[in-house]
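Here are the chains, one letter per residue:
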Amino acid sequence: MRWWSYSPEDFLLFAPRTYWRLIERHNDALWPAQVLALLAGGAILLCLFRPRPGSSQAVSGVLALAWGWVAWSFLWGSYAAINWAAAYVAPVFVLQALLLVGLGRRLCWAFERSTRGLVGLGLFLYALVLHPFAGRILGRSIRTAEVFGIMPDPTAIATLGLVLMASGRGTALLFVVPVAWCVASWATLHTMGAPDAWVPLLAIGLTVGAQMFRHAVKAF
Amino acid sequence: MMQAKRRTILRSALAAAAATIPGKNWAQAGASARRPIPSSGEALARVGLGTWITFNVGTDDVLRDQCAAVMRAFFQAGGQMIDSSPMYGSSQQVIGYGLRKLGRPAGLFAADKVWTSSGQRGPTQIEQSRSAWGIPRFDLLQVHNLLAWEEHLRTLFAMKAAGQVRYVGITTSEGRRHDLFEDIMRRQPLDFIQVTYNIVDREVEERILPLAANRGMRVIVNRPFQQGALLRRLSGKRLPAWAAEAGASSWAQFALKFIISHPAVTVAIPATSQVPHVRENVAASAQPLPDSAMRQRMVSYMRDL
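Residues numbered from 1 in each chain as written. Chains lettered and ligands numbered in written order. Predicted model: local features only at pLDDT ≥ 70, side-chain atom pairs only at ≥ 80, totals over all residues.

1. A short note on the overall build of chain A
Next, step 1: Looking only at helices and strands, chain A features nine helices and two strands.
Next, step 2: For chain A, the N- to C-terminal ordering of α and β elements is α-α-α-α-α-β-α-α-β-α-α.
Next, step 3: Relative to the compact-globule value of 17 Å for 220 residues, chain A shows a C-alpha radius of gyration of 17 Å, a close match.
Next, step 4: Principal-axis analysis of the C-alpha atoms gives chain A an extent of 45 × 40 × 30 Å.
Next, step 5: Taking contacts inside chain A between residues at least 6 apart in sequence as the whole, the part at least 24 apart equals 73%. (Helix = DSSP H or I, 4+ residues; strand = E, 2+ residues; numbered from the N terminus. Rg over C-alpha atoms; globule rule 2.2 N^0.38 Å. Contact = placed C-beta atoms within 7 Å.)

2. Some words on the environment of A127 of chain A
All names here are of chain A.
Next, step 1: The residue A127 is located in helix α6 (residues 115–137) in this model.
Next, step 2: For the pair formed by A127 and R106, sequence separation is 21 residues and the distance between their alpha carbons is 24 Å.
Next, step 3: Apart from the residues within four sequence positions on either side, A127 is in contact with F148, P154, I157, A158 and G161.

3. Section: the packing of helix α3 (residues 91–102) of chain B against helix α4 (residues 122–133) of chain B
Residues and elements named next belong to chain B.
Next, step 1: Packing of α3 against α4 brings their axes to within 7 Å, and their N-to-C directions diverge by 35°. Taken together, the residues of α4 that come into contact with α3 (itself represented by Q92, Q93, I95, G96 and L99) are S129, A132 and W133.
Next, step 2: Along the lines of polarity and charge, the residues of the contact of α3 with α4 split into four nonpolar, four polar and no charged. (Axes fitted to C-alpha atoms, helices over the stretch in contact; angles between N-to-C directions. Nonpolar A, V, L, I, M, F, W, Y, C, P; charged D, E, K, R; others polar.)

4. Considering the pairing of strand β7 (residues 165–171) of chain B
Residues and elements named next belong to chain B.
Next, step 1: Summarising burial for β7: six of the seven residues are buried, a large majority.
Next, step 2: Alignment of strand β6 (residues 138–143) against β7, held across five bridges, turns out to be parallel. The residue bridging V143 from the neighbouring strand is I170, located in β7.
Next, step 3: Bridge count for β7 against strand β8 (residues 192–196) is three bridges, and the pairing is parallel. Its bridge partner being in β8, I170 is matched across the sheet by I193.
Next, step 4: In terms of handedness, the path from β7 via helix α6 (residues 178–187) over to β8 forms a crossover that is right-handed. (Buried ≥ 20, exposed ≤ 12 C-beta atoms within 10 Å, placed from the backbone. Pairing = 2+ DSSP bridges. Right-handed = clockwise from strand over helix to strand, strands pointing away.)

5. What to know about the sheet that holds β7 of chain B
All names here are of chain B.
Next, step 1: Spatial strand order, β3-β4-β5-β6-β7-β8-β9-β10: eight strands in an open sheet with parallel pairing. The strands lining the two open edges of the sheet, one partner per strand, are β3 (49–50) and β10 (267–268).
Next, step 2: In this sheet, strand β9 (residues 218–222) lies alongside β8 in parallel orientation, the contact comprising five bridges. Bridged to V195 within β9 is V221.

6. Looking at the pairing of strand β5 (residues 109–114) of chain B
Residue and element names in this part refer to chain B.
Next, step 1: Burial within β5 is extensive, with six of its six residues counted as buried.
Next, step 2: Since strand β4 (residues 81–83) and β5 lie parallel, the crossover through α3 that links them has a hand, and here it is right-handed.
Next, step 3: Looking at chain direction, β5 and β6 are connected through four bridges and run parallel. Following the sheet pairing, K113 is matched in β6 by Q142.
Next, step 4: For the crossover from β5 across α4 to β6, the handedness is right-handed.

7. As for the interface of chain B and chain A
Next, step 1: Across the boundary between the two partners, chain B contributes 16 residues, which contact 15 residues of chain A.
Next, step 2: Grouping the amino acids of the side of chain B that touches chain A by side-chain chemistry returns five nonpolar, eight polar and three charged.

8. Re the confidence of the model for chain B
Residues and elements named next belong to chain B.
Next, step 1: When pLDDT is averaged along chain B, the result is 89; 89% of the residues meet or exceed 70.
Next, step 2: Confidence drops under pLDDT 50 across residues 1–32; counting only partners more than four residues distant or on other chains, this segment forms 41 contacts.
Next, step 3: The ipTM value of the predicted complex is 0.89, and its pTM value is 0.88. (pLDDT = per-residue confidence, 0-100.)

9. Here's the deal with helix α8 (residues 173–192) of chain A
Residue and element names in this part refer to chain A.
Next, step 1: In this model, α8 (20 residues) spans 30 Å end to end at C-alpha, consistent with the 28 Å of a helix rising 1.5 Å per residue.
Next, step 2: Within the span of α8, buried status applies to L174, V177, P178, W181, C182, S185, W186, T188 and L189.
Next, step 3: One or two residues past the end of α8 sits G193, with phi positive at roughly 80°. (Expected span 1.5 Å × (residues − 1).)

10. Looking at the packing of helix α4 (residues 55–76) of chain A against helix α7 (residues 152–165) of chain A
Residue and element names in this part refer to chain A.
Next, step 1: Put simply, α4 and α7 touch, their axes get as near as 10 Å, and they point 155° apart. With respect to α7, the element α4 is oriented roughly antiparallel. Remark: the crossing between α4 and α7 carries left-handed chirality. Here α4 contributes V59, L63, A66, W67, V70 and F74 to the contact with α7, which in turn contributes P152, T155, T159 and L162.
Next, step 2: Class assignment of the residues belonging to the contact of α4 with α7 gives a composition of eight nonpolar, two polar and no charged. (Parallel < 35°, antiparallel > 145°, perpendicular 65-115°, else oblique. Left-handed = near helix turned anticlockwise from the far one by under 90°.)

Given below as structure tokens:
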């Protein structure tokens, strides 16, 4: 296979209408799990600002659950029906869930007033509160709302934000899968002509920028 | 039987040769809306139905019913060939759904592909595809994009000898690996080849289409509208008045008539999810079709747009 002769269009297997209808049907099937997912996101926020014993385990546990659920419910259970590649991505999401269980519980997840912390908080709040309305603002049905813990994009963006706020050994590893997903999501949305394709790329840019800023300050 | 076969091959070769004669108005006036397959003499409708993207709708019942409606309109208009691949997501299952709903129309010419890097997995994949379509056997099986082509062709020729498939072919798209494609065409007794050809992408006119005619191979044309990009570019532009001389009443028909009027081309397989579009596409095979002078005019017009 000469992969270099292919363009992103060659890998888009479905029409945009099919994709958005898939998300609508996924949301319909899971309702009202979206409310629970948002409450879980709210609980993470509480843990960040009022850390208590067990907070870090709670944050990493909720995140791991979100990645595992998205892998099983959306990627494997819904998306793979129109995109065979999703069946191969689902185990990668499970790997991220395992990493969060293994590494995440040893990290300290708390907000601290710094550039990194502010960017991290901004990304997390965007993913939790604003991202579900992005499609609506662009003219898509509210039934296509992408909610943290239900759909991959807000889950990945929220994770980037949270890992930016985390401290301890191994945080860098937790960036890999969300960044890879954001690139894949950008490619899919861009090929479909979705105006919000830049959102996952911007999330990567902000994450990388905040990380580099931190290292620059340390070196200084 | 053998003589008849030779005659049809000879006719194809002569037709291809005639296409290269400048100013010779030889081509399509009075030609049938169907074209025979040289290796069997069986006639095939000139416009088929592709399923790339449009039929990959998963388990969405609303969209599945829309695909079944497209299939119904396709068969009612006289269409025959439906082409799919294991690469096309749920398209095979959606075709199967449509065929069950329509009671498996008698005119169906079922074309599918084998697409796996493992030669050993080929037979299992073909059986899964057949099961998804819900048919006793495929009419045509092709090696998709030449992936593991040597192993798969061995399997497909063995299946043909055993009566498990009627025709064997290979495919490529967007001009990929044409050198190897030609080499296989020269060395293997293929019934069909599938390539990308449209009024803008005309590379196959140079060598592959003449070679197919010379070797008595039928040609399936994919991406006739450049995956819709061609029609999007033309939308809003007025169809020239002289297009009516070729029987084209829309840009889609203009593009399709150009393709199927090439003497080496057997069938074009545009994909659509719209009933009016599938009717318009199949109607493009009706007479008149452009002759060589008209084809030249079409190319020049497109170049100047």
